Amino acid sequence: MMEKTFIMVKPDGVQRGLIGEIVSRFEKKGFVLAGAKLMQISTELAEEHYGEHKERPFFGELVDFITSGPVFAMVWEGEDVVKTSRHMIGATNPQEANPGSIRGDYAVTVGKNIIHGSDSLESAEREINLFFNGNELVDYTRQDKTWIY
Ligand code: UDP
């Protein structure tokens, strides 16, 4: 099924110069970039985005971290992109993330795991709407589509 998902390079990934590498992996995979922007997350947006973790002990640190510098927010489109991008990203704890996954290759600790990706179709829709206005997303077809599908 054709889906859209929300992917974000976190402040540590931006500071470590990993935006290009991460974009490149999704591009080469064959997914379509529907929207992207470098932005500073407000405390309000951070608390809303991570609302499901409000009662967790790491919530305060997580909000401080995600607002500590610019993030690179993206929307990627493709068949089963929600589940596939979670595989590409790897386990939440980089120590458990497989080599070859983004966290497995580039991160060491759970608090600085460089990238976010929606974990379900429902959260993808919620997060895309939270971070992007409809007019910031572009609908187009990649030239190589028939070589991917
Ligand atoms: N996190 C943390 N400590 C923990 C669990 C999670 O700092 O013990 C952070 C981590 O950055 C993670 C984010 O909270 O990416 C959201 O957690 P979630 O369980 O939703 O993991 P994800 O979907 O990002 O893999």
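To start, this report covers the structure provided alongside it. (Residues numbered from 1 in each chain as written. Predicted model: local features only at pLDDT ≥ 70, side-chain atom pairs only at ≥ 80, totals over all residues. Heavy atoms only, no water.)

Right, let's talk about unusual backbone geometry for a bit. Even without glycine at this site, Asp80 takes up a positive phi of about 55 degrees. Its location among the elements puts Asp80 in the loop between strand E3 (71-79) and helix H5 (81-89). On the basis of relative accessible area, Asp80 is assigned to the partly exposed category, the value being 33%. Of note in this structure, Ile114 is not a glycine but carries a positive phi near 55 degrees. Among the secondary structure elements, Ile114 is positioned in the loop between helix H6 (102-106) and strand E4 (115-117). Ile114 gets classed as buried once you look at its relative accessible area, which sits at 0%. (Helix = DSSP H or I, 4+ residues; strand = E, 2+ residues; numbered from the N terminus. Buried < 20%, exposed > 50% of the residue type's maximum accessible area, 1.4 Å probe, protein only.)

Further remarks concern the side chain of Ser123. You can see Ser123 is positioned in helix H7 (residues 121-131). Judged by its relative accessible area of 12%, Ser123 falls in the buried class. Side chain to side chain, Ser123 and Asp119 meet in a polar contact 2.5 Å long. (Polar contact = N/O pair within 3.5 Å; in protein donor to acceptor, adjacent residues only side chain to side chain.)

Within H5, burial applies to Val81, Val82, Thr84, Ser85, Met88 and Ile89. Burial along H5 is one-sided: seen end-on, the buried residues are contained in an arc of 170 degrees. Set apart from the buried face of H5 by more than 90 degrees, the exposed residues are Lys83 and His87. On its buried side, H5 packs onto strand E1 (2-9), helix H2 (19-29), E3, H6, E4 and H7. (Arc of directions from axis to C-beta. Contact = heavy atoms within 4.5 Å.)

Before going further, it helps to spend a moment on the pattern of salt bridges. A side chain with one charge can pair with a side chain of the opposite charge if their charged atoms come near. Evaluated as defined, the whole model comprises five salt bridges. Two residues, Glu77 and Lys4, come together in a salt bridge whose shortest N-O distance is 3.4 Å. Here the residue Glu77 occupies a position in strand E3, and Lys4 occupies one in strand E1, the gap between them amounting to 73 residues. Given a relative accessible area of 18%, Glu77 falls into the buried group. Overall, the relative accessible area of 34% leaves Lys4 in the partly exposed class. For Asp105, the salt bridge is made with Arg25, and the minimal N-O distance between the two is 2.9 Å. Here Arg25 lies in helix H2 and Asp105 lies in helix H6, a separation of 80 residues in the sequence. Salt bridges sharing common partners tie together Glu21, Arg25 and Asp105. (Salt bridge = Lys/Arg side-chain N within 4 Å of Asp/Glu carboxyl O.)

Moving on, we get to the packing of H2 against H5. The contact between H2 and H5 brings their axes to 12 Å, and the two run at 135 degrees. Considering the angle they form, H2 stands oblique to H5. Our pair here, H2 against H5, has a crossing hand that is right-handed. Along its contact with H2, which presents Arg25, Phe26 and Lys29, the element H5 presents Thr84, Ser85 and Met88. Across the contact of H2 with H5, the residue classes break down as two nonpolar, two polar and two charged. (Axes fitted to C-alpha atoms, helices over the stretch in contact; angles between N-to-C directions. Parallel < 35°, antiparallel > 145°, perpendicular 65-115°, else oblique. Left-handed = near helix turned anticlockwise from the far one by under 90°. Nonpolar A, V, L, I, M, F, W, Y, C, P; charged D, E, K, R; others polar.)

Interpretation note: all reported values are geometric properties and have no functional meaning in isolation.
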